[in-house]
Amino acid sequence: MEGIIAIWQRDIIKFFRDRPRMVGSFSMPILFLVVFGIGMGGSMESLVSAGTNAQNFNYTEFIFPGIVSMTLLMTSIFSSLSIIQDRDFGYMREILVSPVSRVNIAIGKMLGSASVALLQGVMMFVLLPVLGIGIDLVSFFQVLPVMFLMACAFSSLGLLVASLLNSMQGFQLVVNIFVMPMIFLSGALFPLNNMPGWVNFLVTLNPVTYGVDLMKHIMIDVESLNAAVREEMGLNLTFFGQPVTITGELFFLLGFTAVLILLATLSFRRANS
Amino acid sequence: MIELVGLTKKFKHNEAVKNLNMFIEKGEIVGLLGPNGAGKSTAISMMASLSEPTGGDVRFNNNSILKNPAPLRKVVGMVPQEIALYDDLTAEENMQFFGRIYRLRGQVLKRKIDEVLEQIGLSERRKQVVRKFSGGMKRRLNIGVAMLHDPELLIMDEPAVGIDPQSRNYILETVKRLNEERQMTVLYTSHYMEEVEYLCDRIYIMDQGNLIASGTKEEIKQILSAEKTISIKTNRLNDRFLSLLEESPTINQVVAGEKEVTITVPKEINMFPKLINLAEKVELELRSVEVKTPTLEDVFLHLTGRALRD
Amino acid sequence: MIEINNLTKRYKSFQAVNNSSFNVEKGEIFGFLGPNGAGKSTTINILSTMLQPTSGTVTINGYDVIKQQNQVRESIGIIFQQNTLDEKLTAKENLMLHCKFYGVPRASRKHRIDEVLEIVDLQESINTLVEKFSGGMQRRLEIARGLLHYPKVLFLDEPTVGLDPQTRAHVWEYILKLKEKENITMFLTTHYLDEAEISDRIAIMDQGEIIAIDTPKRLKQKIGGDIIEITTSDNEAAMKEIENNFNVVALSLKDDVIYCKVKNSDAFVSEFIKTLKTPLTGLDIRKPTLNDVFLSFTGREIRD
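Here goes a summary of the coordinates provided. Remember, it's a predicted structure, so these values are computed and weren't measured experimentally. Every chain begins its residue count from 1, and numbering advances along the sequence as written. The order in which chains are written sets their letters, starting at A; the order in which ligands are written sets their numbers, starting at 1. Residues qualify for local features only when their pLDDT is at least 70, as the model is predicted, and side-chain atom pairs are given and counted only at 80 or more; totals for whole chains, interfaces and linings, by contrast, use all residues. Processing note: side-chain calculations cover all non-hydrogen atoms of the structure and skip hydrogens and water entirely.

### Some thoughts on the overall build of chain A
Only runs of H or I of at least four residues qualify as helices and only runs of E of at least two qualify as strands under DSSP, and these elements are numbered from the N terminus. Along chain A, the regular secondary structure elements total twelve helices and two strands. Listing the helices and strands of chain A from first to last along the sequence gives α-α-α-α-α-α-α-α-α-α-α-β-β-α. Put simply, chain A has 273 residues, and 53% of those count as buried. In what follows, residue pairs with any heavy atoms lying within 4.5 Å of each other are defined as contacts. Long-range contacts, defined as pairs at least 24 residues apart, comprise 82% of the intrachain contacts of chain A with a sequence gap of at least 6. The method behind every accessible area is Shrake-Rupley, applied with a 1.4 Å probe, and residues are considered shielded solely by the protein chains displayed. Only carbon and sulfur atoms are counted for the fraction: they give 68% of the accessible area of chain A, which is about 12000 Å². His is not counted, nor are the chain ends, whereas Lys and Arg count as positive and Asp and Glu as negative. By convention, the charge on Lys lies at NZ, on Arg at CZ, on Asp at CG and on Glu at CD. The averaged location of the 15 negative side-chain charges in chain A is 17 Å from the averaged location of its 13 positive side-chain charges. Under the scheme applied here, a residue whose accessible area is under 20% of the maximum for its type counts as buried, over 50% as exposed, and between as partly exposed, the area being computed with a 1.4 Å probe on protein chains only.

Here you go:
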């Protein structure tokens, strides 16, 4: 148990110490906020308003949860992949020869990455006043566990990939194959309506889709939106024809996270036995 | 060939090299020693025109390299302390890459690569990626890439660190051979005195930015002491032998052990005939006579002190 | 303290360790030497539970390295050849994490950290980031870290690589101090054979097999003798005399010095001085070094 805490703690200490990284990992989400929120916001809002006669629609409010999810995904995966660096620079050996079990090392690392991602994600909320978006305290505390669950899932995914990769060389590949498509095919940044069947299929299987949707339902007052806007913005998700409920999403996310943690732990143990 | 005149390098917080004077003649192997933080690496990088001094001059064949480093750069080869190779390239590809930097092309480059690979004993591994190499092989290749353009002056910064005795001997012998066969001039730094003792004609010792000793190996060793100690073992010790030793005017000090006696005499004196003589007088059998001269490491630690630097 | 029986490690294309057996006694400094690719690293990796042997058994501190990995890991400390500190953390943070990995009781952590830092003279740098440390300081910190959980056996894999003579001398002092004070068993590898002199016993491994194991002194005796450097007033006459009247292993003349290799210099010298007719002007005995021992057992040929 203490081993898990120690490995987790190492990531937390390093997170707060590494200011450049902290700032650096903000640059991408902010860029996306600017590009999508401001750049596309105007035209999206007028399009939606024209099509639905809705007046109270705020596009930035719509993509904010998506960009937070993106931050979670990126930070989790990159933090987990740092075990490859640990392996190259030697610190991994210090951990591996200690009595801490392989399973606890993997869990500690997963929790460390997830916590770092959560912290980074929460920091995004500082931008809310600047963006002119309000959020009440209840929604904030409701959205935290969802974010943490997502961070755990993504960190496990990162760990799984890291224990299969041999070097940082594969890093770019992982980002291109996993991270970017998972974000673009989740409805995080723009609604995914009227997509070709196979894209729709990928969207349906993408766990990020449900995490983002959950966050949107918590953070945006969906009920007050007019039905046409909801439809237009892709807030009425379906799972192979069945409408998706919040509870359903939560369970799907839980199950998905559990499976990933299990896979990551097993794969880490196998790679380092 | 190359001369440092009052060379100085000041950084914000410290003076790494202070008024350093040093020269290397063509065809010499010169050793540069010093504990951590002595300023060796700073001095070397100025000598190779990789960084600029804040004072003084580096003269190559009597011309300053500060205004015109080109003639020096053409003939200098640098073996850095860190291994500077591309892990994902093969030995041969690494050599091609570094060869092109020195503007070697086509057949000339190919011939040089073959030749150098042979010298560093890696001909058979030329197609293997460097990642798969052992530490010793990487070290050898690291030296090899600095030799492609037939440097007249090879600057080696701890080139044999952390490798097994076989590889280390091989590197030392290769350097010596290159020096003998092609008159290659070498500046060699190391923390291991045996290496320097084996290779170098002359030695400079630096500490805290200053030059604290220089000279041939023999001169440097004499710094420690003008005396040598001789330990004598006999079949048994008797008082008469000891008192004879003590009475002898040439012996400065006599320390008796159980079966062994250690005497200190001026360096230039040959005690041997006298010892035989004395032993015969008192009917003792000499079992062994060992002359202990100070090692380079003794001198080094004497000059630079035993205290930790950091 | 360490018992190794018929240890074998086979890879697909070659055999790294071949049916090796040896023991290391409690409180001993055990030098483990060998050229590149001899199987040293493989052996150390097996002993430190990082690698599974193909066959054979190893026990450390009475625990089996395969079946009782956790107990073995608690019993050993390792100073790796490669830096394994986290450079982005301070010295104290590195040590604190180690305490947690090894379950050092919370109450004694601070005391132990102070204690090990004192051994390696780093008390003043306790809150400094490791990346600000010099190579020598990092090495010392690693030694301190390896001692934190009071290991029974300390593995030192080339602990002085790349250090200056001052730091090297200090590292060996720490090691000897530990042996005396704590009676820790040390398993040591180094490529600098004069350093291996501090070992109580030395094993030389080559091509996966232990080819010699003994005290440094006896190993030196084994390789057959001392070199005696002789100068005389008439070297040629002396050479003839030696050839005819004495039993020497090898005899050569270089730069006016006669080099004479003999089995046992003590017996030879007393007889030699008495009977040689040519007047002697000098005689010096050079005993073999561990370097000579090593190269005589493993050959001078480079391995890769």
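### Remarks on the pairing of strand β9 (residues 201–206) of chain C
Residue and element names in this part refer to chain C. Across the six residues that make up β9, a large majority, six, are buried. Going residue by residue along β9, you find Arg201, Ala203 and Met205 tucked away on one face and Ile202, Ile204 and Asp206 tucked away on the opposite face as well. A strand pair is defined by DSSP finding two or more bridges across the two strands. Note: strand β3 (residues 29–33) against β9, four bridges, orientation parallel. By the bridge assignment, Phe30 is partnered in β9 with Arg201.

### Details of the packing of aromatic side chains
Residue and element names in this part refer to chain C. Here is the rule: rings of Phe, Tyr and Trp (six-membered ring for Trp) pair when centre to centre is within 6.5 Å. Planes less than 30 degrees apart are stacked, more than 60 are edge-to-face, and the remainder are tilted. A full pass over the atoms with the stated rule returns 17 aromatic pairs over all chains. Taking the centre distance of 5.4 Å and the plane angle of 5 degrees together, the rings of Phe22 and Phe30 count as stacked. When its relative accessible area of 0% is taken as the criterion, Phe30 is described as buried. Grouped by ring-pair contacts, the aromatic residues Phe22, Phe30, Phe32, Phe155 and Phe187 constitute a single cluster.

### Considering the sheet that holds strand β1 (residues 2–10) of chain C
All names here are of chain C. Taken in spatial order, the four strands make up an open sheet running β2-β1-β4-β5, and their pairing is antiparallel. Of all the strands in the sheet, the pair left with one neighbour each is β2 (15–24) and β5 (63–64). Alignment of β1 against β2, held across six bridges, turns out to be antiparallel. Its bridge partner being in β2, Glu3 is matched across the sheet by Asn23. In the packing of helix α1 (residues 40–47) onto the sheet, the strands contacted are β1, β2 and β4 (55–60), and the crossing angle to β1 comes to about 120 degrees. The convention used is that axes are lines fitted to C-alpha atoms, helices contributing only their stretch in contact, and that angles between N-to-C directions extend from 0 to 180 degrees.

### With respect to the interface of chain A and chain C
Contacts between the two partners involve 22 residues from chain A and, on the opposite side, 27 residues from chain C. Summed over both partners, the accessible area lost on bringing two parts together, with a 1.4 Å probe, is the buried area. Summed over both partners, the interface of chain A with chain C comes to about 2300 Å²; 55% of that surface belongs to carbon and sulfur atoms. We define a salt bridge as a side-chain nitrogen of Lys or Arg found within 4 Å of a carboxyl oxygen belonging to Asp or Glu. Put simply, chain A and chain C have six salt bridges between them. Of the charged contacts in the structure, one is a salt bridge between Arg145 of chain C and Glu94 of chain A, with a shortest N-O distance of 3.3 Å. We define a polar contact as two N or O atoms separated by no more than 3.5 Å, with the added condition that, inside protein, one atom must be a possible hydrogen donor and the other a possible acceptor, whereas residues neighbouring each other in sequence contribute only through side-chain atom pairs. Our count for the contact surface shared by chain A and chain C stands at nine residue pairs in polar contact (both at pLDDT 80 or more). Of all the secondary structure elements, the ones that give two or more residues to the side of chain A that touches chain C are α1 (2–17), α3 (59–89) and α4 (91–96) of chain A.

### Section: helix α10 (residues 207–219) of chain A
Residues and elements named next belong to chain A. The terminal C-alpha atoms of α10, which comprises 13 residues, lie 19 Å apart, in line with the 18 Å expected from a rise of 1.5 Å per residue. By the criterion of burial, α10 is predominantly enclosed, with twelve of the 13 residues buried. Regarding α10, the residues found buried are Pro207, Val208, Thr209, Tyr210, Gly211, Val212, Asp213, Leu214, Met215, Lys216, Ile218 and Met219. To estimate the expected span of a helix, subtract one from its residue number and multiply by 1.5 Å.

That's the geometry; what it means functionally is another story.
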